[in-house]
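# A structural walkthrough
This is what each chain is made of:
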Amino acid sequence: MPVIAAVDIGGTDVKVGLVKNGEILAHDSIRIANYSDPASLLIDVSQLSRQMANCQRERIVGVGVACAGLVDRDAGKIISSPNIPFLSGFQLTDFLAAELEVPANLENDATAAAMCEYYYGGWGKPRVLLTLTLGTGVGGGVVIDGQPLRGASNMAAEFGHVKVPSVGRRKCGCGRYGCIEAYVGRDGILRTAKRLLKSSAQKAGRRDVKAPWSDVGSLAAAAHDGDQVALATFHSTGRILGRGIATLIDVFNPDVVVLSGGIAHAFPLLEKGIQSSVKKFCSFDATRDVATIVPSVRPRESGLLGAAATIDWSTKVSDAEVGGNRASTSHFSVSGSSPEDNALVLGLHIGAASYGASITRPDGKILAHSSTRCNATRASQPYEEFLRECERAVREVLRRAEGLVTPEQITACGVVVPVTVPEPRISVGFAPALEHLKGQPLATHLSELLAELLGHEIEVELENDGNAMALAEWLYGAAQGFSDFVVFRLCTGVGCGIFTKGRLNRGSRGLAGEVGHQRVDPHGDRCNCGNIGCLETVTSGRHLLEVAKKRTLQDFQSYHDVVTAALNKEIQLDAEFEQIGGHLGRTISGIINFQDPQCVILGGPIAKAYPLFKRALLAEIYTFPGTECNVLPSALDRSEAIAALATVRYYAASSKLESELCRP
């Protein structure tokens, strides 16, 4: 019977096992200290695998390897491993494949742990699964629709070295301050415990109190016995971990967050603190309520099972069975012209301060465009009045296109709006700036409206503005040719769209990339979402307009005018732009370490002021060694029209591919 040889390369031992259908049939280990070169170590690993297979009367069909450190999965080699330096640069999979005469795969240990949970954890094949490995440090892995997230440099999901706002300035082993690992890693937890013990002793008038525990295990035992300092330590650690998890939930919109590693055994002690922070700091109830935070049910087996999962994954990929959602994980192409050269796209671009419409050709040429500014009371207008606005916008753009376009040429409509758009992209979700849209089946109502105006039915594709801008950059802008990138849209609010492996990452329910309402200033202003100190309160056009009016005493009509005046040096807002750059830089730094993109693109009206906040932004960006990422301003003109066009083209291609894949 076929089995997978699994190899887990740790700090002191190499574990070797045989895995069949998610069960470890046999396992053994080899001491690394007995070796000084890779060939002799891997020859013994191969021999041990064969011996176990012979004893079990099984046939090895593949060998999977999980290893801590930076790995190049495609090349099959370990780039750098702190545990086994002599393996660095060695073509590991080629060697094992030749020795065992079977396919071999290599994966980072944290990503392998995520794959273990996805395939063997019993979570029901979720669309988005996150794993945090808690031990000496804090690692992470993400699986989206069955595909492990690796990033452009194989450095995605570096969660441990992301700064958590306002938790402190503790120095991390990486040399920076405030990383989550400095508080949630093994040494960080013990440091917290000693600080709390010292504080407790001082309050009681005692000195030179010696810690009664030497490691996290004994600290956890003390907490279970009711030790108040130990209990307070795990609660504090849980709150900081929960703050980090809240950020991950906002970015990835996962179904499941699994805590693995040695410290995950203390989950019952951490859980209350985790849940309190997640409840407090998650941007939206919708993303928070979807995500289940659980401890791993197989933490001691995750290394071997994760290694085996790399073979299971590659087999399923070749059979086109990944994740149950084949279209969303495929690398379909929508570059080039439409099959119908005369087919045109109507765009509706709805903002918090404006609305407009456009008619575009598939090649991106805008044939007609209209835009209207709105008053400040628009957020509370009746929904029926909003639909009338849409009707007026369409009528106006058709009037401007008269003689160039006939209604019969319009075959689809892309609708771009600054709200959350849950699957299946028919109704509006969270809409803090346009409350009247919340819960409305906007795509359905616009389909009915447009059928009356055009005289025939057309497809309506609804998308969040951040996601739509990412599609625009991919098809027509700075991200052409890239497969992994992130787009920030800086306007009245802050939107974000994420591309992974050549496809838009919408998360489990279409709510990924919600960074505008992450809290960056606990003492800041109240956001229109109801939270305090969101990113939008210090980086948005709305904030910039208010500050400019107070600072300059000029009656600016819009933040567009403020940006123009600042670029022309008609006003001085250096401190304000430095604040914008700093907050954006810290947020972008986190996104880079999560996603490992090829580039980050800044779009929207505020991004035009990039020269004014570039220095402050770049000063805050820290990328993990081995990661490279450029920050680029968007060069798209009338980007909202291009975003509407790109939305239609992307989902039309996706639907076409889905129908082809499902064809008998």
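### Section: the nonpolar core
Ranked by size, the top nonpolar core spans 93 residues in total, and within it Leu132, Ile245, Phe252, Leu259, Phe488, Leu602 and Phe613 carry the most contacts. No other element matches helix H7 (residues 228-252), which puts eleven residues into this core. In contact with Leu132, other than residues within four places in its own chain, are Val138, Gly139, Gly140, Phe159, Leu241, Ile245, Leu248, Val257, Val258, Leu259 and Ser260. Formed by 37 residues, the second largest nonpolar core is a distinct cluster that contains Ala357, Val415, Ala443 and Leu450.

### Some thoughts on the sheet that holds strand E12 (residues 292-295)
Taken in spatial order, the five strands make up an open sheet running E10-E9-E8-E11-E12, and their pairing is mixed. Each having just a single partner strand, strand E10 (147-148) and E12 make up the two edges of the open sheet. Strand direction decides the pairing type here: strand E9 (residues 138-144) and E10, joined by two bridges, are antiparallel. Considered in E10, the bridge of Ile144 is made with Gln147. Against the sheet, H7 contacts strand E8 (128-134), E9, strand E11 (256-260) and E12, and its axis sits at roughly 155° relative to E8. Against the sheet, helix H8 (residues 267-281) touches E11 and E12, its axis set at about 165° to E12.

### A short note on helix H5 (residues 186-203)
Here H5 is 18 residues long and its end C-alpha atoms lie 26 Å apart, about the 26 Å a rise of 1.5 Å per residue gives. Residues Gly188, Ile189, Leu190, Thr192, Ala193, Leu197 and Ala201 constitute the buried set of H5.

### A few points about the pairing of strand E17 (residues 459-464)
By the criterion of burial, E17 is predominantly enclosed, with five of the six residues buried. Two strands pair when backbone bridges link them, and strand E16 (residues 410-417) and E17 are joined in this way by six bridges, in the parallel orientation. Across the sheet, the residue bridging to Val415 is Leu462, located in E17. In this fold, the crossover linking E16 to E17 by way of helix H13 (residues 442-454) has right-handed handedness.

### Points about helix H2 (residues 92-100)
Every buried residue of H2 is listed here: Leu92, Thr93, Phe95, Leu96 and Leu100. End-on view of H2: buried residues confined to an arc of 160°, all on one side of the axis. For H2, the elements touching its buried residues are strand E1 (2-9), helix H1 (38-56), strand E4 (59-67), strand E6 (77-80) and strand E7 (104-108). Once H2 finishes, Glu101 follows within two positions and takes phi at roughly 55°, a positive value.

### What about empty space enclosed by the protein?
What the rule picks out here adds up to one cavity of 30 Å³ or more. Here the largest cavity defines a volume of roughly 40 Å³. Lining of the largest cavity is provided by Ile144, Gln147, Pro148, Leu149, Thr500, Lys501 and Arg503. When grouped by side-chain class, the residues that make up the lining of the largest cavity number three nonpolar, two polar and two charged.

### Quick notes on the pairing of strand E14 (residues 354-360)
In terms of burial, E14 is a largely internal element, six of the seven residues being buried. As judged from the six bridges shared by strand E13 (residues 344-350) and E14, these two strands associate in the antiparallel manner. Following the sheet pairing, Leu348 is matched in E14 by Ala357. Count of turn residues in the E13/E14 antiparallel hairpin: three residues. In this structure, E14 lies alongside strand E15 (residues 366-373), joined through seven bridges in antiparallel fashion. Residue pairing in the sheet places Ile359 in a bridge with Ala368 of E15. Linkage of E14 to E15, two consecutive antiparallel strands, is achieved through a turn of five residues, within which Gly364 is found at a positive phi near 95°.

### Here's the deal with the packing of helix H6 (residues 216-224) against H7
Running from N to C, H6 and H7 cross one another at 115°; their axes reach a closest spacing of 7 Å. Taken together, H6 and H7 sit at an angle that is classed as roughly perpendicular. H7 is crossed by H6, and the crossing has left-handed handedness. On H7, the residues touching Val216, Leu219, Ala220, Ala222 and Ala223 of H6 are Ala230, Leu231, Thr233 and Phe234.

### Description of unusual backbone geometry
Residue Pro424 is reached from Glu423 by a cis peptide bond, and omega for that bond is 10°. Topologically, Pro424 is positioned in the loop between E16 and H13. In this structure, Asn21 takes a positive phi of about 55° despite not being glycine. Relative to the assigned elements, Asn21 resides in the loop between strand E2 (13-20) and strand E3 (23-31). Positioned with a positive phi, Asp145 is a non-glycine residue whose angle comes to about 50°. Mapped onto the secondary structure, Asp145 falls in the loop between E9 and E10.

What counts and what doesn't
- Residues numbered from 1 in each chain as written.
- Predicted model: local features only at pLDDT ≥ 70, side-chain atom pairs only at ≥ 80, totals over all residues.
- Heavy atoms only, no water.
- Core = buried A, V, L, I, M, F, W, Y, C linked by side-chain atoms within 4.5 Å.
- Buried < 20%, exposed > 50% of the residue type's maximum accessible area, 1.4 Å probe, protein only.
- Helix = DSSP H or I, 4+ residues; strand = E, 2+ residues; numbered from the N terminus.
- Contact = heavy atoms within 4.5 Å.
- Pairing = 2+ DSSP bridges.
- Axes fitted to C-alpha atoms, helices over the stretch in contact; angles between N-to-C directions.
- Expected span 1.5 Å × (residues − 1).
- Right-handed = clockwise from strand over helix to strand, strands pointing away.
- Arc of directions from axis to C-beta.
- 1 Å grid on protein atoms, 1.4 Å probe; cavity = no way out; pocket = protein on both sides within 12 Å on 5 of 7 lines; lining within 4 Å.
- Points joined across faces, edges and corners; volume = space filled by probe spheres on them.
- Nonpolar A, V, L, I, M, F, W, Y, C, P; charged D, E, K, R; others polar.
- Parallel < 35°, antiparallel > 145°, perpendicular 65-115°, else oblique.
- Left-handed = near helix turned anticlockwise from the far one by under 90°.

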